[in-house]
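So the chains spell out like this:
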Amino acid sequence: MICAPAIAFMTFDFVFPNVATPSLEKNLLVAFLLSALFGTPAGYFHSRTDLAIGTVLLYITIGYLLALVAYSAPFLFYDFEAVFPGLYVMFFLNMTVILVMLFVFGGIIGVILGQILRETFEMDETSQTFTRWRS
Amino acid sequence: MGVMKDFRRRWFVAALSIVAALFFTGSLIFSSLTYVSVLSARQNVTLANAAEHAEMLSNGSLSISLAIDLDNPSREVLNIVSISWSVKVLNSTLPLEYIPVISVYTVPTEYAEVGRHQVKSFEYEQCISDPQALSRLLGFINHSTSEGTDYTLESIPYIHDFRVVAWLGDYEHDYDYSKELYLNDMVKIERRYHGGEYN
């Protein structure tokens, strides 16, 4: 769940790159690489792949909802007029649909990377333990 | 519990993840507050206190002036990109036509900046000595007199049209792609004073 704020920020930044700090400037490649990076802990901390992918889908959903809250903040928490009256939620969904697909794809790639990393570390730990036991 | 145990065991990766999460949470909150600030400026920047004046000078010219304030109560700096002021008179013979009197358009450079929580006053004055322009106004006066309304050059109901366009702060606004034009609109302030009404 610690990856949800990153997803939220990247989604918000994708809609408003000129007011977001720091901005990815709508760079889909960077968004994909970052989503893979943020999928890594899910694979790293979960040995079960289905659980790890479930976690990815969950944090992407939570992050996306957080981004929607940030996008609606002026109307939810302050008394401002809507910039895009009428279809402002649809506008957000339209703008970010490809990005969400990238997040899911990147997250799954991240899960695989995380599991490879975990197995590598475990093999290394096991070999070190045996080396210590033998000596 | 297994995850928490893993967190303690693999504390370095866990700490890196938490630091990244904190960084992005901070960025999200900061960006949202910036967004709120921009929308606040869009809503609260106003034109106010317009004072119109027309006066006959001793040399026979007509002096028309407008003083107006641009009030910026927001936390954003306004960088003014264009100001236009025009004065016209509604032609009573053709209801949709106007008699042009004055038209001024300026593209300010570095001096035209309205700071945070500041009010900037604009004062424009122009003298009309062109016989053709004055004869159009006199024609309007004569026509109005024939219809039972007496005007002088000073009391004609001049319609002042003042427009100001400004960018908010230093936010990027050079987007050309059609799907991104809303980003330009978001950080653009356009205010108008027309015929006694503020828009």
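Novice: Explain the interface of chain A and chain B to me, please; I cannot follow it from the model alone.
Specialist: It is common to give the size of an interface as the accessible area lost on bringing the parts into contact. Opposite the 39 residues of chain A that make contact, chain B presents 37 residues. Around 3,300 Å² of area is buried between chain A and chain B when both sides are counted, 70% of it from carbon and sulfur atoms. Considering only the surface of chain A that becomes buried against chain B, Asn18(A), Val19(A) and Phe45(A) emerge as the three largest contributors, covering 21% of it. The closest approach of N and O atoms between Lys26(A) and Glu180(B), which form a salt bridge, is 3.9 Å. Our count for the chain A to chain B interface comes out at five residue pairs in polar contact (both at pLDDT 80 or more). Looking at the side of chain A that touches chain B, the elements with two or more residues in it are α1 (4-15), α2 (28-45), α3 (49-76) and α4 (88-134) of chain A.

Novice: Is there a simple way to explain α3(A) in this structure?
Specialist: Counting along an α-helix, one turn takes 3.6 residues, and residues three or four places apart therefore face a common direction. For α3(A), spanning 28 residues, the distance from its first C-alpha to its last is 38 Å, which sits close to the expected 40 Å at 1.5 Å a residue. The largest bend in α3(A) amounts to roughly 35 degrees and is located at Ala70(A), with the proline Pro74(A) lying one to four residues further along.

Novice: Can you help me understand the pairing of strand β8 (residues 188-194) of chain B in this one?
Specialist: Residues and elements named next belong to chain B. Along β8, the buried face is formed by Ile189, Arg191 and Tyr193; none of Lys188, Glu190, Arg192 and His194, which line the opposite face, is buried. Relative to β8, strand β7 (residues 158-168) runs antiparallel, the two sharing seven bridges. What sits directly across from Phe162, in β8, is Tyr193. The antiparallel hairpin formed by β8 and strand β9 (residues 197-198) contains two residues in its connecting segment, where Gly195 sits at a positive phi of about 55 degrees.

Novice: I keep staring at the sheet that holds strand β1 (residues 46-56) of chain B and nothing clicks. Help me out?
Specialist: Two modes of strand pairing occur in sheets, parallel and antiparallel, and in both the strands are linked by backbone hydrogen bonds. All names here are of chain B. The three strands are arranged β1-β2-β6 in an open sheet whose pairing can be described as antiparallel. Sheet topology places β1 and β6 (118-128) at the edges, where each strand pairs with a single neighbour. Going across the sheet, the axis of each strand differs from the next one's by a mean of 10 degrees, ignoring polarity. Where β1 meets strand β2 (residues 62-72), nine bridges bridge the pair, whose relative direction is antiparallel. Within β2, the residue paired with His53 across the bridge is Ser65.

Novice: Would you mind going over the environment of Leu168(B) with me for this structure?
Specialist: Mapped onto the elements, Leu168(B) comes out in strand β7. Contact partners of Leu168(B), with chain neighbours within four places excluded, come to Val38(B), Ala41(B), Arg42(B), Glu76(B), Val77(B), Leu78(B), Met186(B), Val187(B) and Ile189(B).

Cut-offs and rules
- Residues numbered from 1 in each chain as written.
- Chains lettered and ligands numbered in written order.
- Predicted model: local features only at pLDDT ≥ 70, side-chain atom pairs only at ≥ 80, totals over all residues.
- Heavy atoms only, no water.
- Contact = heavy atoms within 4.5 Å.
- Buried area = accessible area lost by both parts, 1.4 Å probe.
- Salt bridge = Lys/Arg side-chain N within 4 Å of Asp/Glu carboxyl O.
- Polar contact = N/O pair within 3.5 Å; in protein donor to acceptor, adjacent residues only side chain to side chain.
- Helix = DSSP H or I, 4+ residues; strand = E, 2+ residues; numbered from the N terminus.
- Expected span 1.5 Å × (residues − 1).
- Bend = angle between axes of the 7 residues up to and from the residue.
- Buried < 20%, exposed > 50% of the residue type's maximum accessible area, 1.4 Å probe, protein only.
- Pairing = 2+ DSSP bridges.
- Axes fitted to C-alpha atoms, helices over the stretch in contact; angles between N-to-C directions.

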